[in-house]
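A look at the structure
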Amino acid sequence: MRARLATTLGGAAGTMSRLAGRGDGSVIGGVIGLRVEPDLLALLSVDRQIVLVTGTNGKTTTTRLITAALGALGQDVATNAFGANMEAGLAAALGKAPDAPLAVLEVDERYLPRVLKATKPRVVTLLNLSRDQMDRAAEIWLVARRWREALAAAPDCWVVANADDPLITWAASSAAHVIWVAAGQRWHEDSWCCAECGSHLLRDELGWRCGECSFQRPATRWVLEGGSVIDSAGRISDLSLTLPGRANRSNAVVALAVAEVFGVDPAHALPRLREVASIAGRYTRLERRGRQVRLLLAKNPAGWLEAFDVLEPAPAPVLLAVNAQGPDGKDTSWLWDVDYRVLRGRPVFVAGERRLDLAVRLEADQVTFELVDGVDNAVDQVSGPSLDVIANYTAFQHIRVTLGRAE
Ligand SMILES: [Zn+2]
């Protein structure tokens, strides 16, 4: 009876926590633990081999893919699978798996330096850096500088970094050991300037370089080439992931590079990556009133471009949902940074608290659309078998709750 009550209360706390955009509810345990023992994270990290994963986009997916790849080692892997990526969430994830010799942890960009110091990871994975919301635009250069300092102070750590992102390259190049991955960069708007000297960066098919100083894209060991990966030994393998889109292929190549540090051959890791079909409800297809609804999360301009890459081809319909609560950022002016013209020629539905902001933006791009009250309203108007949904953070959570949040 007490166990059932505890389970029920835990479930209720988890639901409230998810609705508030604070992960899966396990964070609460981590918060209490850190109050009692401020060094909890360091203590829980002793005698483990840890991978930290950070960047603006793709953290949760890449964490999941690395966890899947390391499964080939046949040992337990601790992970914060629900994206609770600050200290309390990490402590909770490690605390839940006290005997796991391996851990793959997604870390909030701003927390990387202190988490790096506490956990002494074997590998740090740096994916990309772009503005998350307009109110944080100025922060990314500061974030990169702090990563740089933290990595310079961790000489035993390996860094797996995306060489196609100039700011990531600058941050990672202070590290003693870097494995460079050609993972691509969909969003260039936050990296026109050289981090070394402030001059304009030049881009061509070979990559990027500074027009004034010697700062340039480093040579890469791992390359994403269309639907294939070229591994560190020069072998080409077809990725054939279940997860859709270029951004996920890029995350998979990063995961393969991390797995190799642990001695996992791509041939053993790849089948495990292909089995990953859904990340915390994203990409899941849910049945709703006789239609297949697929959920895509996009929290910032770079994320919206990645989501557009994943859409079913036109004339398949799409629902765009935008909120502006705390986790989303209150300022929706970032909507103007995204080019929506690719949505022309398909039915577009617009929902969410800030649907009028988005409507004005779509009008400027001459994308025809229809305002709707919610996901069901859009589903009812769809003539074909499916509907893709792109939503930002709290809009995504809200729609998941409406649809019953099946995995
Ligand atoms: Zn320069």
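The present account deals with the structure reproduced in this document. (Residues numbered from 1 in each chain as written. Predicted model: local features only at pLDDT ≥ 70, side-chain atom pairs only at ≥ 80, totals over all residues. Heavy atoms only, no water.)

Within the chain, the regular secondary structure consists of 14 helices and 17 strands. Each principal axis of the C-alpha distribution contributes one length, and for the chain these read about 65 × 55 × 40 Å. Across the 407 residues of the chain, 53% fall into the buried class. Carbon and sulfur atoms form 51% of the exposed surface of the chain, whose accessible area is close to 17,800 Å². (Helix = DSSP H or I, 4+ residues; strand = E, 2+ residues; numbered from the N terminus. Buried < 20%, exposed > 50% of the residue type's maximum accessible area, 1.4 Å probe, protein only. Areas by Shrake-Rupley, 256 points an atom, 1.4 Å probe, with all protein chains shown as cover.)

For the structure shown, the criterion picks out 16 salt bridges. Put simply, Arg235 and Asp265 hold a salt bridge, and the shortest N to O gap is 3.3 Å. Taken together, the residues span a long stretch of sequence, with Arg235 in the loop between strand S10 (228-230) and strand S11 (236-238) and Asp265 in the loop between helix H9 (246-261) and helix H10 (266-275) at a distance of 30 residues. Using a relative accessible area of 39% as the deciding quantity, one classes Arg235 as partly exposed. (Salt bridge = Lys/Arg side-chain N within 4 Å of Asp/Glu carboxyl O.)

One can find Ala97 in the loop between helix H5 (87-96) and strand S3 (102-106). Residues Ala97 and Trp304, 207 residues apart in the sequence, show an inter-C-alpha distance of 34 Å. Those residues in contact with Ala97 that sit more than four places away from it in its chain are Arg48 and Ala78. (Contact = heavy atoms within 4.5 Å.)

Where a metal carries four tetrahedral donors, each ideal angle is 109.5 degrees; where it carries six octahedral donors, the ideal angles are 90 or 180 degrees. All of the protein donors around the zinc ion are Cys194 (SG), Cys197 (SG), Cys210 (SG) and Cys213 (SG); their distances to the metal are 2.3 Å. Seen from the zinc ion, its 4 donor atoms lie at angles of 102 to 116°, and the figure they make is tetrahedral. Between consecutive donors of the zinc ion, the numbers of intervening residues give the motif C-x2-C-x12-C-x2-C. Placement of Cys194 in the loop between strand S6 (177-182) and strand S7 (201-204) and of Cys210 in strand S8 (residues 207-210) is noted, with a sequence separation of 16 residues between them. With respect to class, Cys194 is no different from Cys210; both count as buried. (Donors = N, O, S within 2.8 Å, 3.2 Å for Na, K, Ca; no water. Tetrahedral: all angles 85-135°; square planar, octahedral: opposite > 155°, others 65-115°.)

Here we take up the nonpolar core. Core analysis: the biggest nonpolar cluster contains 62 residues, and Trp304, Tyr340 and Ile390 have the highest contact counts within it. Top contributing element to this core by residue count: H9, with 9 residues. Setting aside chain neighbours within four positions, we find Tyr340 in contact with Trp304, Phe308, Leu335, Leu358, Arg361, Leu362, Asp365 and Val367. (Core = buried A, V, L, I, M, F, W, Y, C linked by side-chain atoms within 4.5 Å.)

A few words now on the side chain of Asp231. Tracing the sequence through the fold places Asp231 in the loop between S10 and S11. Given the relative accessible area of 3%, Asp231 is considered buried. Among the polar contacts listed, one links the side chain of Asp231 to the side chain of Arg235, at a separation of 2.9 Å. (Polar contact = N/O pair within 3.5 Å; in protein donor to acceptor, adjacent residues only side chain to side chain.)

Ordered in space as S2-S3-S1-S4-S5-S6-S9-S10-S11, the 9 strands form an open sheet in which the pairing is mixed. Every other strand in the sheet has two partners, leaving strand S2 (77-79) and S11 as the edge strands with one partner each. This sheet shows a mean twist of 15° between the axes of neighbouring strands, independent of strand direction. The strands touched by H5 are S2 and S3; relative to S3, the strand with the most contacts, the crossing angle is about 155°. (Pairing = 2+ DSSP bridges. Axes fitted to C-alpha atoms, helices over the stretch in contact; angles between N-to-C directions.)

Attention shifts here to the packing of aromatic side chains. Under the defined criterion, the tally for this structure stands at 5 aromatic pairs. Considering the side-chain rings of Trp304 and Tyr340, the 6.3 Å spacing of their centres and the 70° angle between planes classify their relative orientation as edge-to-face. Taken together, the residues Trp304 in helix H11 (residues 301-310) and Tyr340 in the loop between strand S14 (318-321) and strand S15 (348-351) connect sequence positions 36 residues apart. The exposure class assigned to Trp304 is buried, which follows from its relative accessible area of 0%. Aromatic side chains Phe308 and Tyr340 sit 6.0 Å apart centroid to centroid with 65° between the ring planes, which places their arrangement in the edge-to-face category. Of this pair, Phe308 sits in helix H11 while Tyr340 sits in the loop between S14 and S15, placing them 32 residues apart in sequence. For Phe308, a relative accessible area of 10% corresponds to the buried category. Among the aromatic residues, those joined into a cluster by ring pairs are Trp304, Phe308, Trp334 and Tyr340. Over the aromatic face of Phe262 sits the side chain of Arg122, whose NZ or CZ is 4.7 Å from the ring centroid. (Phe/Tyr/Trp six-rings, centres within 6.5 Å; stacked < 30°, edge-to-face > 60°. Lys NZ or Arg CZ within 6 Å of the ring centre and 35° of its normal.)

Turning our eyes to something else, we now look at the sheet that holds strand S17 (residues 386-391). An order of S12-S13-S17-S14-S15-S16 is seen for the 6 strands of this open sheet, with the pairing classed as mixed. Looking at the sheet topology across the chains shown, the edges are occupied by strand S12 (285-288) and strand S16 (370-371). Contacts from helix H14 (residues 393-402) reach S12, strand S13 (291-297), S14 and S17 within the one sheet, and its direction differs from that of S13 by about 150°.

All right, on to the pairing of S6 then. Pairing between strand S5 (residues 158-162) and S6: 5 bridges, direction parallel. Among the inter-strand pairings, Ala161 is bridged to a residue of S6, identified as Trp180. Each parallel crossover has a hand, and the one from S5 via helix H8 (residues 166-172) to S6 is right-handed. By the bridge criterion, 2 bridges tie S6 to strand S9 (residues 222-225) in an arrangement that is parallel. Bridge pairing in S9 places Val181 opposite Trp222. (Right-handed = clockwise from strand over helix to strand, strands pointing away.)

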